[in-house]
Amino acid sequence: DVKVTQSSRYLVKRTGEKVFLECVQDMDHENMFWYRQDPGLGLRLIYFSYDVKMKEKGDIPEGYSVSREKKERFSLILESASTNQTSMYLCASSPPGLVETQYFGPGTRLLVL
Amino acid sequence: AQSVTQPDIHITVSEGASLELRCNYSYGATPYLFWYVQSPGQGLQLLLKYFSGDTLVQGIKGFEAEFKRSQSSFNLRKPSVHWSDAAEYFCAVGAYGQAGTALIFGKGTTLSVSS
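In short, a report on the structure. Every value quoted in this text rests on a predicted model; they were computed, and no experiment measured them. (Residues numbered from 1 in each chain as written. Chains lettered and ligands numbered in written order. Predicted model: local features only at pLDDT ≥ 70, side-chain atom pairs only at ≥ 80, totals over all residues. Heavy atoms only, no water.)

To continue, consider the overall build of chain B. Helices and strands together make up the secondary structure of chain B, namely zero helices and 12 strands. For chain B, the N- to C-terminal ordering of α and β elements is β-β-β-β-β-β-β-β-β-β-β-β. The C-alpha radius of gyration computed for chain B amounts to 14 Å, which stays within 12% of the reference 13 Å derived for 115 residues, consistent with globular compactness. By its C-alpha atoms, chain B is 45 × 30 × 20 Å across when sized along the principal axes. Out of the 115 residues belonging to chain B, those deemed buried represent 45%. For chain B, the accessible area works out to roughly 5400 Å², and carbon and sulfur atoms hold 49% of it. (Helix = DSSP H or I, 4+ residues; strand = E, 2+ residues; numbered from the N terminus. Rg over C-alpha atoms; globule rule 2.2 N^0.38 Å. Buried < 20%, exposed > 50% of the residue type's maximum accessible area, 1.4 Å probe, protein only. Areas by Shrake-Rupley, 256 points an atom, 1.4 Å probe, with all protein chains shown as cover.)

Before going further, it helps to examine the packing of aromatic side chains. Inspection of every chain in the model, using the stated rule, returns 15 aromatic pairs over all chains. Clustering of aromatic rings is evident, with ring pairs tying together Phe-33, Tyr-35, Phe-48, Tyr-50 and Phe-104 of chain A together with Phe-34, Tyr-36, Phe-90 and Phe-105 of chain B. (Phe/Tyr/Trp six-rings, centres within 6.5 Å; stacked < 30°, edge-to-face > 60°.)

Let's shift gears to the sheet that holds strand S1 (residues 4–6) of chain A. Residues and elements named next belong to chain A. Read across the sheet, four strands follow the order S1-S3-S8-S7 without closing on themselves; strand pairing throughout is antiparallel. For this open sheet the edge positions go to S1 and strand S7 (64–70), each flanked by a neighbour on one side alone. Put simply, the sheet's adjacent strands are angled 20° from each other on average, direction ignored. Across five bridges, the pairing between S7 and strand S8 (residues 73–78) is antiparallel. (Pairing = 2+ DSSP bridges. Axes fitted to C-alpha atoms, helices over the stretch in contact; angles between N-to-C directions.)

Another aspect to go through is the interface of chain A and chain B. Tallying the contact residues gives 24 residues for chain A and 26 residues for chain B. Of the roughly 1900 Å² buried where chain A meets chain B, counting both sides, 58% is carbon and sulfur surface. For the pair chain A and chain B, the interface holds zero salt bridges. Taken together, the elements giving at least two residues each to the side of chain A that touches chain B come down to strand S4 (31–38), strand S5 (42–51) and strand S6 (54–57) of chain A. Per-class residue counts for the side of chain A that touches chain B are 11 nonpolar, nine polar and four charged. (Contact = heavy atoms within 4.5 Å. Buried area = accessible area lost by both parts, 1.4 Å probe. Salt bridge = Lys/Arg side-chain N within 4 Å of Asp/Glu carboxyl O. Nonpolar A, V, L, I, M, F, W, Y, C, P; charged D, E, K, R; others polar.)

Shown next as structure tokens:
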């Protein structure tokens, strides 16, 4: 079974802190994704990576950055956390291609105070 | 621009009754369509997907979906709902865009099951 793990299920941070969300997949997938999920808004793509050190902006990249130094690991960074970044963050991975299934981690619920 | 619309925010169905969740998409080329389910506190799990061939697609947990190009729809159905089906359901279209190959999700439909 494909496994996507996220470093924390719940995080509480203060405004202005630098926050790291880590995601690891064990299926040697080329593609990895970070989504943000908010009630009534569904999932919105923050960043996407199709290879090590490669990244693409999604629909809402402002306030976020990413890092992919190893194929299995994709990190989301909030440079200076703000209260409007309180949300559920979901990581996913997939092989390349439009028809491929994305496999999701359990999510990290982040609260910024 | 590609988009996915799920017209129903919340649906309540009696246990044992049939279910249909609606999904409409906007995409210029042949769409690649997906339904995912998210149980409370969990990540998303793929129910089924369509990319070519038979327009009626079978998925896991007894779900099926029918692709209708003329209506730009990909509705999810189940003949008899179980209490464990209570969850949030997301329709998505695979698209080439600014972010390479990515999924565009609808806003989701929350399914409640009454006894």
